[in-house]
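# A structural walkthrough
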Amino acid sequence: MAEQRSLAMITGASSGLGFEMAKLFAKDGYDLAITGSSDGIFEAAEELQKLGAEVYPHKADAATYEGVEGFWKFVSDFKRPVEAAVLNVGIGIGGGSFLETSLEEEMRLISINITGTVHTAKRVVKHMVPNGRGKILIVSSISATTPTPYETVYGPSKSFGFAFAESLREELRDTGVTVTALLPGATDTNFHDNAGMSNTQIGSSSKNDKELVAKQGYEALMDDVDHVFGGDEKTKKEGEGNRTTSETEKAAIHAEKTRPR
Ligand SMILES: NC(=O)c1ccc[n+]([C@@H]2O[C@H](COP(=O)([O-])OP(=O)(O)OC[C@H]3O[C@@H](n4cnc5c(N)ncnc54)[C@H](OP(=O)(O)O)[C@@H]3O)[C@@H](O)[C@H]2O)c1
């Protein structure tokens, strides 16, 4: 009987970091269950299939309970052990002060970045622990290490992801299930445009290469590292430096990059 390939699931895999990580899994011999909210998820699946993987795309809105639960049902219906789960989906909101941004959009951000992450993690952990194995990657951000004025809700949502990953990692020690956090610096994806940040310094400046950042996250996951900053040396230095810089100072530096022009 042919040996079955390992199955990985990735949220937010239509484009950007999720899609780049999906390529790495496919090249390494994994089959993939992927989700996104647009038809782009089906185009992504076609591309990934060319790399030799069986790819199962699912279109759902990660901002809703039904969307998240529906993807989990889709995955679990394959009755295959999920060997790796990348909780990547996330959105930003910037381009204005907290006084100006929309409460409705910010509630949606919290649903995707925080509520959806907890929901997906609950299903994944309860599936992996009885199997005695599995790898979980939570995509946080370098924003988890600094206040983020003009993205006032986004940064704290990513701080949640980082602390959540590190907490879960400790709880799951000795279960065979590992948890890794990826903290990318600004990366060249659709993220900043979708976040309404084209009119900011960070939105228009050069960014980290998405293939590099995805590779760093993938390797950290495979090597069971607790967390990794994603990006070039400057980004890594910034992340490390944030540990010892005061919150007030970091807030002022961040505001320079994110204040709308
Ligand atoms: N790019 C950066 O500078 C940066 C830096 C630090 C951290 N991050 C984090 O990296 C992660 C990936 O972001 P990215 O940079 O790759 O952004 P991206 O290019 O905008 O990709 C976002 C992905 O999420 C999906 N998505 C968006 N809203 C969704 C929804 N409501 N339901 C289901 N899927 C949805 C999109 O697919 P559809 O279009 O099909 O919905 C797409 O696949 C996020 O968690 C982000 O916070 C990014």
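As the structure is a prediction and not an experimental result, all values here were calculated from the model. (Residues numbered from 1 in each chain as written. Predicted model: local features only at pLDDT ≥ 70, side-chain atom pairs only at ≥ 80, totals over all residues. Heavy atoms only, no water.)

Of all residues adjacent to the ligand, which total 32 residues, the nearest are Ser14, Ser37, Ser38, Asn88 and Thr189. Within the backbone of threonine 187, one N or O atom sits 2.8 Å away from an oxygen atom of the ligand. Contact distances for the ligand include 3.4 Å between an oxygen atom and a side-chain N or O atom of asparagine 194. When the free accessible area of the ligand is taken as 890 Å², the share hidden by the protein chains comes to 92%. Elements that contribute at least two residues to the shell around the ligand include exactly α1 (16–27), α4 (103–131), α5 (154–171) and α6 (191–194). For the shell around the ligand, the leading source of residues is α6, giving three residues. (Near = heavy atom within 4 Å. Polar contact = N/O pair within 3.5 Å; in protein donor to acceptor, adjacent residues only side chain to side chain. Areas by Shrake-Rupley, 256 points an atom, 1.4 Å probe, with all protein chains shown as cover. Helix = DSSP H or I, 4+ residues; strand = E, 2+ residues; numbered from the N terminus.)

Glancing now at the sheet that holds strand β3 (residues 55–59). The strand order β3-β2-β1-β4-β5-β6-β7 describes an open sheet built from seven strands, whose pairing is parallel. With partners counted over all chains shown, the strands left at the sheet margins are β3 and β7 (227–230), one partner each. Strand after strand, the sheet turns through a mean of 15° between neighbouring axes, direction not considered. Looking at chain direction, strand β6 (residues 177–184) and β7 are connected through four bridges and run parallel. Across the sheet, the residue bridging to alanine 181 is histidine 227, located in β7. This element, α5, spans β5 (134–139), β6 and β7 of the sheet and lies at about 155° to β6. (Pairing = 2+ DSSP bridges. Axes fitted to C-alpha atoms, helices over the stretch in contact; angles between N-to-C directions. Contact = heavy atoms within 4.5 Å.)

The next point concerns the packing of helix α3 (residues 65–76) against α4. A pair of packed helices can be characterised by two numbers: the angle between their axes and the separation between those axes. In the contact formed by α3 and α4, the axes pass within 10 Å of each other and the chain directions differ by 25°. Classified by the interaxial angle, the pair formed by α3 and α4 is roughly parallel. Seen along the crossing, α3 lies across α4 with a hand that is right-handed. Residues Tyr65, Val68, Glu69 and Trp72 of α3 form the contact with α4, whose own contacting residues are Gly116, His119, Thr120, Arg123, Val124 and His127. Among the residues forming the contact of α3 with α4, the class breakdown is four nonpolar, four polar and two charged. (Parallel < 35°, antiparallel > 145°, perpendicular 65-115°, else oblique. Left-handed = near helix turned anticlockwise from the far one by under 90°. Nonpolar A, V, L, I, M, F, W, Y, C, P; charged D, E, K, R; others polar.)

Scanning the entire structure with this criterion turns up 16 salt bridges. The salt bridge partner of arginine 80 is aspartate 31, with a shortest N-O separation of 3.0 Å. With arginine 80 in the loop between α3 and β4 (82–87) and aspartate 31 in strand β2 (residues 31–36), the pair connects residues that are 49 residues apart, well separated along the chain. Here glutamate 170 makes a salt bridge to arginine 173, at a shortest N to O gap of 2.8 Å. Several salt bridges converge on common partners, so that one network encompasses Arg5, Asp31 and Arg80. (Salt bridge = Lys/Arg side-chain N within 4 Å of Asp/Glu carboxyl O.)

Moving on: helix α8 (residues 210–222). Between its terminal C-alpha atoms α8 stretches 18 Å, which fits the 18 Å expected from 13 residues at 1.5 Å a residue. Within α8, the full set of buried residues consists of Val213, Ala214, Gln216, Gly217, Tyr218, Ala220 and Leu221. On the buried face of α8, the contacting elements are α1, β5, β6, β7 and α9 (233–241). Looking one or two places after α8, you find aspartate 224, whose phi comes out positive at around 60°. (Expected span 1.5 Å × (residues − 1). Buried < 20%, exposed > 50% of the residue type's maximum accessible area, 1.4 Å probe, protein only.)

This brings us to empty space enclosed by the protein. Evaluation of the coordinates by the stated rule reveals one cavity of 30 Å³ or more. A volume near 60 Å³ is recorded for the largest cavity. Lining the largest cavity we find Leu87, Asn88, Val89, Asn113, Thr117, Ile138, Val139, Ser140, Ser157, Lys158 and Gly161. Contributions of two or more residues to the lining of the largest cavity are made by α4, β5 and α5. The greatest single-element share of the lining of the largest cavity, amounting to three residues, is contributed by α5. Partitioned by chemical class, the residues of the lining of the largest cavity number four nonpolar, six polar and one charged. (1 Å grid on protein atoms, 1.4 Å probe; cavity = no way out; pocket = protein on both sides within 12 Å on 5 of 7 lines; lining within 4 Å. Points joined across faces, edges and corners; volume = space filled by probe spheres on them.)

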